[in-house]
Amino acid sequence: MSFTFHTRVHGIPCLCDVTLYSPGAPMRTTGWGYGDCDPDEPEEFEFDILDRRGYPAAWLEQKLTDDDYDRLLSEYHEKRGAWAA
């Protein structure tokens, strides 16, 4: 199940279709020994950028920077939290 929200990339209105989100998990100790632990799992966030009609916009996705990625993740947290409340 995907979650889609309205956003902008370089000032251009578009949709962000979140195809995968995993909140991650901290390291977990499972036993007494040194090697008895599960390593931490990082947060995963994958998405597609769509035009306002819902069609893939690869040309716009190519303009994304690391800052845009962080901003989209932040927007996802805000909008998903508001939707779930």
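Below is a short write-up of the structure. Each chain has its residues counted from 1, running along the sequence as written. Totals for whole chains, interfaces and linings use every residue, but because this is a predicted model, local features are given only for residues with pLDDT of at least 70 and side-chain atom pairs only at 80 or more, for both listing and counting. Excluded from the side-chain calculations are hydrogens and water; all other atoms, namely the structure's heavy atoms, are used.

## A closer look at the state of the cysteines
Here comes step 1: Disulfides are defined in this document as cysteine sulfur pairs within 2.5 Å. Summed over all chains, the structure comprises zero disulfides.
Here comes step 2: Cys-14 takes part in no disulfide bond, and the closest cysteine sulfur to it belongs to Cys-16, at a distance of 7.5 Å.
Here comes step 3: For Cys-14, a relative accessible area of 1% gives the class buried.
Here comes step 4: Here's how the labels work: a residue is buried when its accessible area is under 20% of the maximum for its type, exposed when over 50%, partly exposed in between, all with a 1.4 Å probe on protein chains only. A relative accessible area of 0% places Cys-16 in the buried class.

## A word on the sheet that holds strand β5 (residues 44-50)
Here comes step 1: In short, DSSP must find at least two bridges between two strands for them to pair. We count a stretch as a helix when DSSP gives it H or I for four or more residues in a row; a strand needs E for two or more, and each element gets its number in order from the N terminus. Pairing in this open sheet of three strands is antiparallel, and the strands run β1-β2-β5 from one edge to the other. Edge strands, defined here as strands with exactly one partner in the open sheet, are β1 (3-9) and β5. Direction aside, neighbouring strands of the sheet carry axes that sit 35° apart on average.
Here comes step 2: Strand direction decides the pairing type here: β1 and strand β2 (residues 12-22), joined by seven bridges, are antiparallel. Within the sheet, the bridge partner assigned to Thr-7 lies in β2 and is Cys-14. Axis angles are defined between N-to-C directions and span 0 to 180 degrees, where every axis is a line fitted to C-alpha atoms and, for a helix, only to the segment in contact.

## Remarks on the nonpolar core
Here comes step 1: As used in this record, nonpolar core signifies buried Ala, Val, Leu, Ile, Met, Phe, Trp, Tyr and Cys residues forming a set joined through side-chain atoms within 4.5 Å. Ranked by internal contacts, the top residues of the largest apolar core, which has 14 residues, are Phe-5, Cys-16, Phe-45, Ile-49 and Leu-72.
Here comes step 2: When residues no more than four places from it in sequence are discounted, the contact partners of Phe-5 are Cys-14, Leu-15, Cys-16, Val-18, Leu-72, Glu-75, Tyr-76 and Lys-79. Contact between two residues is taken to exist if any of their heavy atoms lie within 4.5 Å; hydrogens are not considered.

## Regarding unusual backbone geometry
Here comes step 1: Of note, the phi angle at His-10 is positive, near 55°, even though the residue is not glycine.
Here comes step 2: Among the structural elements, His-10 can be located in the loop between β1 and β2.

## Side note on the side chain of Asp-17
Here comes step 1: Locating Asp-17 in the fold gives a position in strand β2.
Here comes step 2: One buried charged residue, Asp-17, forms no salt bridge at all, with the nearest opposite charge on Arg-80 at 9.2 Å.
Here comes step 3: A polar contact is formed between the side chain of Asp-17 and the side chain of Thr-4, at a distance of 2.8 Å. Within this scheme the basic residues Lys and Arg register as positive and the acidic residues Asp and Glu register as negative, but His and the chain ends are omitted. Criterion for a salt bridge: a side-chain nitrogen of Lys or Arg within 4 Å of a carboxyl oxygen of Asp or Glu. Identification of polar contacts relies on pairs of N or O atoms within 3.5 Å, with a donor-acceptor requirement for protein atoms, meaning one able to donate a hydrogen and the other able to accept it, and with residues adjacent in sequence counted only if both atoms are side-chain atoms.

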